[in-house]
Amino acid sequence: MKSHLNSQKVNTMEKVLMLLWLFLYLQCFLTGNLVDSFPLPFGAHPVPIISMVGSQVVLPCSWKGSQKEMTPSACHIQWMSPPHTVFEQLGEDKWQAAEFEGRVEVPLEKLSSGDCSLIIKDVQIGDTGRYESFIVVDGVRSKGSRVFIQSVKLSVTDHKSQQSHKPGEDLDLELYTSHSFAVVFQSRNSSVWESLWKRGDENTERLEKHPQFEQLTIKNLRSSDEGIYKVLDENDLSVSTMQLYVEENTSSFRIHQGHEKITADAAPTSSCSALLLMSVLLSCFQVLHLH
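Residues numbered from 1 in each chain as written. Predicted model: local features only at pLDDT ≥ 70, side-chain atom pairs only at ≥ 80, totals over all residues. Heavy atoms only, no water.

Next up on the list: the side chain of histidine 165. Among the structural elements, histidine 165 can be located in strand S10 (residues 159-165). Setting aside anything within four residues of it in sequence, one finds histidine 165 in contact with Asp170, Leu171, Leu221, Leu244, Tyr245, Val246 and Glu247. (Helix = DSSP H or I, 4+ residues; strand = E, 2+ residues; numbered from the N terminus. Contact = heavy atoms within 4.5 Å.)

Per the stated rule, a full pass over the model turns up one disulfide. With its sulfur 1.9 Å from that of its partner, cysteine 61 forms a disulfide with cysteine 116. Across the disulfide from cysteine 61 to cysteine 116, rotation about the S-S bond amounts to roughly -70°, and the bridge is consequently left-handed. Placement of cysteine 61 in the loop between strand S2 (57-59) and strand S3 (76-81) and of cysteine 116 in the loop between helix H2 (108-111) and strand S7 (118-120) is noted, with a sequence separation of 55 residues between them. (Disulfide = S-S within 2.5 Å.)

Glancing now at the pairing of strand S15 (residues 215-218). Neither face of S15 is left uncovered, since the one carrying Gln215 and Thr217 and the one carrying Leu216 and Ile218 both have all their residues buried. Direction of pairing for strand S11 (residues 171-174) relative to S15: antiparallel, over a ladder of four bridges. When the bridges of S15 are listed, leucine 171 appears paired with isoleucine 218. In the sheet, strand S14 (residues 207-209) pairs with S15 via three bridges, with the strands oriented antiparallel. For lysine 209, the partnering residue across the bridge sits in S15 and is leucine 216. Between S14 and S15, which pair antiparallel and follow one another directly, the connecting turn spans five residues. (Buried < 20%, exposed > 50% of the residue type's maximum accessible area, 1.4 Å probe, protein only. Pairing = 2+ DSSP bridges.)

Right, let's talk about the sheet that holds strand S13 (residues 194-198) for a bit. With respect to topology, five strands assemble into an open sheet ordered S10-S17-S16-S12-S13, the strand pairing being mixed. In this open sheet, the two strands that pair with only one neighbour each are S10 and S13. On average, adjacent strands in this sheet sit at an angle of 20° to one another, irrespective of strand direction. Where strand S16 (residues 227-233) lies against strand S17 (residues 238-246), six bridges are found, and the strand directions are antiparallel. The partner of isoleucine 228 across the bridge, within S17, is glutamine 243. (Axes fitted to C-alpha atoms, helices over the stretch in contact; angles between N-to-C directions.)

Take the pattern of salt bridges next. The tally for this structure, following the rule as stated, stands at eight salt bridges. Among the salt bridges present, the one from glutamate 214 reaches arginine 199, with a minimum N-O distance of 2.8 Å. Of this pair, glutamate 214 sits in the loop between S14 and S15 while arginine 199 sits in the loop between S13 and S14, and the two are 15 residues apart along the sequence. Judged by its relative accessible area of 30%, arginine 199 falls in the partly exposed class. (Salt bridge = Lys/Arg side-chain N within 4 Å of Asp/Glu carboxyl O.)

Another point: the side chain of threonine 217. Within the secondary structure layout, threonine 217 lies in strand S15. Reaching out from threonine 217, the side chain makes a polar contact with the side chain of aspartate 172 at a distance of 2.9 Å. Beyond its immediate stretch of four places on either side in the chain, threonine 217 contacts Asp170, Leu171, Asp172, Arg206, Leu207 and Glu208. (Polar contact = N/O pair within 3.5 Å; in protein donor to acceptor, adjacent residues only side chain to side chain.)

Overall, antiparallel pairing links the three strands, which are arranged S11-S15-S14 in an open sheet. Each having just a single partner strand, S11 and S14 make up the two edges of the open sheet. Across this sheet, the average inter-strand angle for adjacent strands is 25°, counted without regard to direction.

Given below as structure tokens:
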């Protein structure tokens, strides 16, 4: 009876061990199959890049170390902003997403040294996000196996500034980019935003868009022009925010303030001098009276 129970325990332990080994095998098998499905290897951290609207930004990438030596013409580079492809290049052949058309490139002459960095020109607020670079091996676009290289987190910020002008002067408002679509204005004593200008508008007596540069001139400033100016892109995202102060007779006002301060400071001094003089005279009179 006792030996029978011992035999049952041994059989149970063997079954448990077999199930455990089966579980470990399946886990390893599934993990091995899933590795190729994820674009980012475990522990990869995006490189943070910050840029201002309208400027040029470089997203770093180096394929050396990821692949054996290859000529630039054989180097198939792919940049993605998951899940969408942004740019792809194989030799002289290039492909760009519509929203990046004419704004992105990977210089072919730098590929031989392993530099596959993506250059984004005239960067926009909407370009903010995560970007991933890959080498595509043995295949055409979207069909070859990919080797992950680098992840980058791009943050694009708008411009913020203040300006001070006198009445009658002109204000040159920077638009920063050809993607700037409108300018809105909020006056000093209002909470309402007014449409001031839209791309394609005709020039007026006081508003003039520069024919070559991204600049809008507001002529002959008035005190009512004081307030906040916002430049917006096609998606109503802020390109810039500028606070304008219109100061009337600033220097005269400061001189007047200075005179008032001098007069105010001089008043207590004069009072003290009068009291001191009266005290001296009283003392002299008392001395004379005693004699």
